[in-house]
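Report on the structure
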Amino acid sequence: ALTPRVLSGIQPTADSFHLGNYLGALRQWVAMQDTHDAFYCVVDLHAITIEHDPAVLRRRTLVAAAQLFAMGLDPDRATVFVQSHVPEHTELAWVLGCLTGFGEAGRMTQFKDKSSKQGTSGTSVGLFTYPILQAADILLYSPEPGEGERALRVPVGEDQRQHLELTRTLAQRFNHRFGDTFVLPEAHIPPGAAKITDLQEPDAKMSKSASSPQGIIDVLEEPGPMRKKIMRAVTDTGSEVVYDEEKKAGVTNLLRIFSALDGASVPDLEKRYAGSGYGQFKKDLAQVVLDTFAPIRKRTLTLLDDEWHLDELLRRGSDRASEVAARTMETVRERVGF
Ligand code: ADP
Ligand code: NA
């Protein structure tokens, strides 16, 4: 059987990725480049569904791409590109949008959450049709029928399951109406993905939209502040380093981070820090986090210093992505009657 294909995207909506993005998604992207025919895109089209500043978007798109390469994505092993560089994404989204029921789109719970926060006047039609663009992002890279039983995998967290379900529905609907065209994408839970919580509010997930920057570790953060944030992470009043999701959510989150980055199992860490209190544990954890992110930060800054080279890496990605996307769209156009 052919190597399975994997497709994933990430928005350039922050000045840096954070530890949650790294341990919950991006580290797995890097691992999967060796086991999959991987397509990873910086989804800048998705980033304009909310109000944005053009210069900031352009900068964040570059910084996002630089971080992906700095984390170890290799243009020889993975196709890394910027979504807007491949115009077929929007073309297929239009076709799929015409196959989507209005009510069907209205049932997307993520839209309901986001739009209720912003109010209807602050909510764009783009935010409403976002899941359809996401379906296009995936189905454009559908393996061709001649490629046999090749799978199309999409790493998904709980919040994206409904969107992937819609993608499958739209693929099936297209196939039914116009003939077999799309392989149905499968949800893929990559091994080792960890859910990371906020350092100050251990019951909330670490997120770029957190209430305080003290709760988030940014990949590109300077060593000093990074260390401080970990030393000041919320723990409970006890002093034992033990894993207990209910009673010790803060310490449990730190153990999870430590274990994910260092490779030591949680029971081994509990043993290592038995009786030594939180201080030493946090100090060592800060070092592990720094050792992981300092080289990534350095490589990111080097890449950003040479924009010509970075553009070149991204052009290689969009060339490869365009080959596949153009082939898919040729079939789609023909089947739809263009
Ligand atoms: P944010 O929550 O900061 O807005 P995104 O929603 O843009 O982040 O998520 C980008 C990717 O990072 C997704 O694959 C998501 O599942 C993953 N991710 C985000 N936050 C975390 C977290 N705290 N723990 C694990 N994975 C996360
Ligand atoms: Na690969």
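The structure under discussion appears in the preceding block.
Residues numbered from 1 in each chain as written. Chains lettered and ligands numbered in written order. Predicted model: local features only at pLDDT ≥ 70, side-chain atom pairs only at ≥ 80, totals over all residues. Heavy atoms only, no water.

**Here we look at the packing of helix α4 (residues 88-97) against helix α13 (residues 307-336)**
- Here α4 crosses α13 at 30°, and the two axes come no closer than 10 Å. Compared by their axis directions, α4 and α13 come out roughly parallel. For α4 against α13, the interelement crossing comes out left-handed. Facing α4, whose interface residues are Glu 88, Glu 91, Leu 92 and Val 95, α13 presents Ala 325, Ala 326, Met 329, Val 332, Arg 333 and Val 336.
- Partitioned by chemical class, the residues of the contact of α4 with α13 number seven nonpolar, no polar and three charged. (Axes fitted to C-alpha atoms, helices over the stretch in contact; angles between N-to-C directions. Helix = DSSP H or I, 4+ residues; strand = E, 2+ residues; numbered from the N terminus. Parallel < 35°, antiparallel > 145°, perpendicular 65-115°, else oblique. Left-handed = near helix turned anticlockwise from the far one by under 90°. Contact = heavy atoms within 4.5 Å. Nonpolar A, V, L, I, M, F, W, Y, C, P; charged D, E, K, R; others polar.)

**Quick word on the coordination of the sodium ion (ligand 2)**
- Every protein donor of the sodium ion (ligand 2) is listed here as Gln 33 (O), His 36 (O) and Arg 77 (O), and their distances to the metal cover 2.3 to 2.5 Å.
- All donor residues of the sodium ion (ligand 2) come from one chain, and their arrangement in sequence is Q-x2-H-x40-R. Residue His 36 is located in the loop between α1 (19-32) and β2 (37-42), and its partner Arg 77 is located in the loop between α3 (54-70) and β3 (78-82); the two are separated by 41 residues in the primary sequence.
- Exposure remark for Arg 77: the relative accessible area of 37% places this residue in the partly exposed category. (Donors = N, O, S within 2.8 Å, 3.2 Å for Na, K, Ca; no water. Buried < 20%, exposed > 50% of the residue type's maximum accessible area, 1.4 Å probe, protein only.)

**Quick word on the site of ligand 1**
- In the vicinity of ligand 1 there are 13 residues, among which His 18, Ile 196, Lys 205, Met 206 and Lys 208 approach most closely.
- Between ligand 1 and His 18, the relevant distance is 2.7 Å, taken from an oxygen atom to a side-chain nitrogen or oxygen of the residue.
- At 3.4 Å, a side-chain N or O of Ser 207 approaches an oxygen atom of ligand 1.
- Ranked by the residues each element gives to the shell around ligand 1, the list is headed by α1, at four residues.
- Taken together, the residues of the shell around ligand 1 break down into five nonpolar, five polar and three charged. (Near = heavy atom within 4 Å. Polar contact = N/O pair within 3.5 Å; in protein donor to acceptor, adjacent residues only side chain to side chain.)

**Describing the environment of Leu 26**
- In this structure, Leu 26 sits in helix α1.
- Not counting the four nearest positions on each side in its chain, Leu 26 is found in contact with Ile 10, Phe 17, Asn 21, Leu 68 and Met 71.

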